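Next come the chains, spelled out residue by residue.
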Protein chains: 2
Amino acid sequence: MTRKRQILKTAAQLFKERGYSAVTMRDLAAAMDMKAASLYNHISGKQEILATIILEVAHEFTTGMDMVEENDKSAFAKAEQLIILHIKIALEYTDALAVLNTDWMHLEGAPYQEYITLRKEYELDFKKILESGIKTGEFKAMNVETMLFNLLSTLRSIYLWIPKKSTTEVADLKKELPQILLTGISS
Amino acid sequence: MTRKRQILKTAAQLFKERGYSAVTMRDLAAAMDMKAASLYNHISGKQEILATIILEVAHEFTTGMDMVEENDKSAFAKAEQLIILHIKIALEYTDALAVLNTDWMHLEGAPYQEYITLRKEYELDFKKILESGIKTGEFKAMNVETMLFNLLSTLRSIYLWIPKKSTTEVADLKKELPQILLTGISS
DNA sequence: CCTACCGATCGGTAGG
DNA sequence: CCTACCGATCGGTAGG
């Protein structure tokens with residue numbers, strides 16, 4: 001792992017714990033066992049760290065969505081795959097995902113605009129899948145915005161629960177979360 | 001409204017937008033059309049503002065939960081009432097709820113401990129309702145933690161969607177959200 | 001990767 | 001509610 005990679009990883013951990021604004025370059029340097037000034041040999045500044053962390057994981061979602069859209073499965077199956085996608089990314093990028101969720105508003109300039117665009121496109125793609133599922137009768141004819149809101153609320157929170165889970169519990173989650181989100185909890 | 005109330009309200013708006021750590025006492029003073037030093041005639045410091053905002057709305061949830069527990073309705077009806085409770089609080093305390101959700105980790109000392117305790121009790125009470133619903137057969141015999149996770153994820157996010165909604169859309173939400181959360185979206 | 005340092009800004013206080 | 005100010009700390013640079 002390059003030194004820059006190590007800095008990004010450590011920064012994601014600290015940002016997750018205390019938030020971007022509350023973490024200083026001196027905090028980050030101390031966690032890396034170096035001085036603040038030395039960080040600037042690897043990164044241009046605090047903003048670059050934030051932008052890199054967030055946009056990397058944002059692109060993971062976009063790539064995942066593209067793959068789901070390419071297959072010709074049912075809307076229900078696509079929704080199921082997206083739920084699995086969120087669980088997988090939450091497992092692999094737990095800290096970065098936390099930063100994306102809590103500190104995206106501290107992005108500035110072009111990275112901010114890029115993040116907003118990626119998120120808007122992702123939500124639109126997700127909505128289209130739900131709409132097609134309503135059309136085919138797979139989903140109830142309810143308010144699509146409310147359906148999407150419920151799904152994304154839970155999917156965006158997964159990173160909060162994943163770290164506490166064992167491997168077998170994560171396996172359970174992959175089975176039960178699609179069931180709960182799509183078919184509900186009532187008998 | 002007392003001057004202190006005005007300060008708390010303005011602070012909640014700013015904290016919601018930029019986060020506790022990124023808002024300075026000078027920002028808050030400017031939004032109140034006064035100088036930073038003058039704030040200290042009404043509040044003891046930045047921490048007191050944060051603690052007051054968060055604990056007030058946290059107690060709203062505890063009070064609401066107590067009322068729901070007192071009635072002798074079914075578990076399903078209780079879960080429905082809790083969903084309505086979250087919508088109502090999100091409507092009345094939108095900014096404070098945002099602060100609770102995003103900045104609780106910046107609480108210090110006794111207020112931090114109190115918040116953690118209130119949250120733990122609330123989640124435990126919610127879990128008991130779900131468990132009793134499983135026992136009576138109202139809910140599927142699934143992992144209770146996963147059920148609770150899904151419900152709370154969505155309920156905690158409501159404040160993000162409420163401000164964009166019209167009165168009629170909020171009425172729709174009160175009808176459809178319990179349906180989606182409890183009976184799912186599949187036909 | 002370090003020491004030394006910059007101007008700016010932070011939360012908060014003194015005293016009126 | 002204000003002016004004036006405090007020590008501490010911020011993100012970042014110069015120069016080695």
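Residues numbered from 1 in each chain as written. Chains lettered and ligands numbered in written order. Predicted model: local features only at pLDDT ≥ 70, side-chain atom pairs only at ≥ 80, totals over all residues. Heavy atoms only, no water.

Asks: Can you lay out the packing of helix H4 (residues 46-70) of chain B against helix H6 (residues 94-103) of chain B for me, pointing to particular residues and giving the numbers?
Replies: Residue and element names in this part refer to chain B. It is at 9 Å that the axes of H4 and H6 come closest, and there the two elements cross at 105°. On the basis of the axis angle, H4 is roughly perpendicular to H6. Across the interface between the two elements, Leu50, Ile53, Ile54, Val57, Ala58 and Phe61 from H4 touch Ala96, Leu97, Val99, Leu100 and Asp103 from H6. For the contact of H4 with H6, the per-class residue count stands at 10 nonpolar, no polar and 1 charged. (Axes fitted to C-alpha atoms, helices over the stretch in contact; angles between N-to-C directions. Helix = DSSP H or I, 4+ residues; strand = E, 2+ residues; numbered from the N terminus. Parallel < 35°, antiparallel > 145°, perpendicular 65-115°, else oblique. Contact = heavy atoms within 4.5 Å. Nonpolar A, V, L, I, M, F, W, Y, C, P; charged D, E, K, R; others polar.)

Asks: Talk me through the interface of chain A and chain B; I want residue IDs and the actual numbers.
Replies: Counting residues at the interface gives 37 residues for chain A and 37 residues for chain B. Taken together, chain A and chain B are joined by 11 residue pairs in polar contact (both at pLDDT 80 or more). Elements with a contribution of two residues or more to the side of chain A that touches chain B: helix H1 (3-18), helix H8 (144-161) and helix H9 (167-183) of chain A. Considering every element that reaches the side of chain A that touches chain B, the biggest residue donor is H8 of chain A, with 11 residues. Looking at the side of chain A that touches chain B, its residues break down into 16 nonpolar, 14 polar and 7 charged. (Polar contact = N/O pair within 3.5 Å; in protein donor to acceptor, adjacent residues only side chain to side chain.)

Asks: How would you sum up the side chain of Lys140 of chain A? Please name residues and give values.
Replies: Structurally, the position occupied by Lys140 of chain A is in the loop between helix H7 (109-135) and H8. One buried charged side chain, Lys140 of chain A, makes no salt bridge at all; its nearest oppositely charged neighbour is Glu176 of chain B, positioned 9.6 Å away. Within the local environment of Lys140 of chain A, its side chain forms a polar contact with the side chain of Thr183 of chain B, the two groups lying 2.8 Å apart. (Buried < 20%, exposed > 50% of the residue type's maximum accessible area, 1.4 Å probe, protein only. Lys, Arg positive; Asp, Glu negative; His and termini not counted. Salt bridge = Lys/Arg side-chain N within 4 Å of Asp/Glu carboxyl O.)

Asks: Requested: an account of the protein's contact with DNA strand D, with residues and values cited.
Replies: Taken together, 15 residues are adjacent to DNA strand D, and Thr24 and Arg26 of chain A together with Met34, Ser38 and Asn41 of chain B come closest. When atoms of DNA strand D within 4 Å of the protein are sorted by moiety, sugar and phosphate together comprise 56%. The backbone of Lys35 of chain B places a nitrogen or oxygen atom 2.8 Å from a phosphate oxygen of DNA strand D. Here the residues of the surface near DNA strand D sort into 6 nonpolar, 5 polar and 4 charged. (Near = heavy atom within 4 Å.)

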